[in-house]
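Structural characterization, general
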Amino acid sequence: QVNVVESGGGLVQAGGSLRLSCAASGRYTMGWFRQAPGKERDFVAGIRWSGDSTRYADSVKGRFTISRDNAKNTVYLQMNSLKPEDTAVYYCAVDLALAGVALSAPAYDYWGQGTQVTVSS
């Protein structure tokens, strides 16, 4: 069993910034996904367990940055230039495989409870 705990969501105006944190009980490849009401859960960003590979959705490239602190088993998602369309529940997930960063939700084995991000216009 792997524990995954997100934090850092909130309400921000368009153009603002937020940083999400995700703590896991070990060093794993981790991904961030988001789900808006009535929509599917979409990949946002991911980082390999070693920190040597990252991937981003096209919609967030240049605005979001994923990073990790392996000493703390924590992954961060720095979100800048936020837009109203970024509003969603953001989920952190753990992939136990030792391959690259997967883009699909079914590839991930453990999920956090989610944190709400709301961007007002």
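Here, the structure is the one placed above.
Here goes a summary of the coordinates provided. Being a predicted model, the structure only gives us computed values, none of them experimental.

Definitions and limits used
- Residues numbered from 1 in each chain as written.
- Predicted model: local features only at pLDDT ≥ 70, side-chain atom pairs only at ≥ 80, totals over all residues.
- Heavy atoms only, no water.
- Disulfide = S-S within 2.5 Å.
- Helix = DSSP H or I, 4+ residues; strand = E, 2+ residues; numbered from the N terminus.
- Buried < 20%, exposed > 50% of the residue type's maximum accessible area, 1.4 Å probe, protein only.
- Contact = heavy atoms within 4.5 Å.
- Salt bridge = Lys/Arg side-chain N within 4 Å of Asp/Glu carboxyl O.
- Phe/Tyr/Trp six-rings, centres within 6.5 Å; stacked < 30°, edge-to-face > 60°.
- Lys NZ or Arg CZ within 6 Å of the ring centre and 35° of its normal.

**Things to note about the state of the cysteines**
Enumeration over the complete set of coordinates arrives at one disulfide. One disulfide in the model links C22 with C92; its S-S distance is 2.0 Å. Taking the sign of the torsion about the S-S bond as the criterion, the disulfide between C22 and C92, at about -85°, is left-handed. Taken together, the residues span a long stretch of sequence, with C22 in strand β3 (residues 18–24) and C92 in strand β9 (residues 88–95) at a distance of 70 residues. Under the relative-accessibility criterion, C92 is labelled buried at 0%.

**Brief notes about the environment of T54**
Mapped onto the elements, T54 comes out in strand β6 (residues 54–56). In the structure, T54 is positioned 46 residues away from G100 in sequence and 8.7 Å away in space, judged by C-alpha atoms. Residues within four places of T54 in sequence aside, it is in contact with G46, I47 and I66.

**Considering unusual backbone geometry**
Even without being glycine, N73 reaches a positive phi, approximately 50°. Using a relative accessible area of 23% as the deciding quantity, one classes N73 as partly exposed. Even without being glycine, S81 reaches a positive phi, approximately 50°. Note on placement: S81 falls in the loop between β8 (74–79) and β9. For S81, a relative accessible area of 41% puts it in the partly exposed group.

**A short note on the pattern of salt bridges**
Evaluation of the coordinates by the stated rule reveals four salt bridges. Across the pair R34 and D86 runs a salt bridge whose closest N-O atoms are separated by 2.9 Å. Residue R34 is found in strand β4 (residues 29–35), and its partner D86 is found in the loop between β8 and β9; the two are separated by 52 residues along the sequence. Here R34 matches D86 in class, with each residue buried. The partner of R63 in a salt bridge is D86, and the shortest N-O contact between them spans 2.8 Å. Placement of the pair is R63 in the loop between β6 and β7 (64–69) and D86 in the loop between β8 and β9, with a sequence separation of 23 residues. Both residues of the pair, R63 and D86, count as buried.

**Observations regarding the packing of aromatic side chains**
Tallying each qualifying case throughout the model produces five aromatic pairs. Seen from their ring centres, F33 and F43 are 5.6 Å apart, and the 80° between their planes marks the pair as edge-to-face. You can see F33 sitting in strand β4 and its partner F43 sitting in strand β5 (residues 42–47), a full 10 residues away along the chain. On the accessibility criterion, F43 (13% relative accessible area) is buried. Each residue in the set F33, F43, Y91, Y108 and W111 is aromatic and connected to the rest through ring pairs, giving one cluster. Its end group placed over the ring of Y91, R41 keeps NZ or CZ at 3.7 Å from the ring centre.

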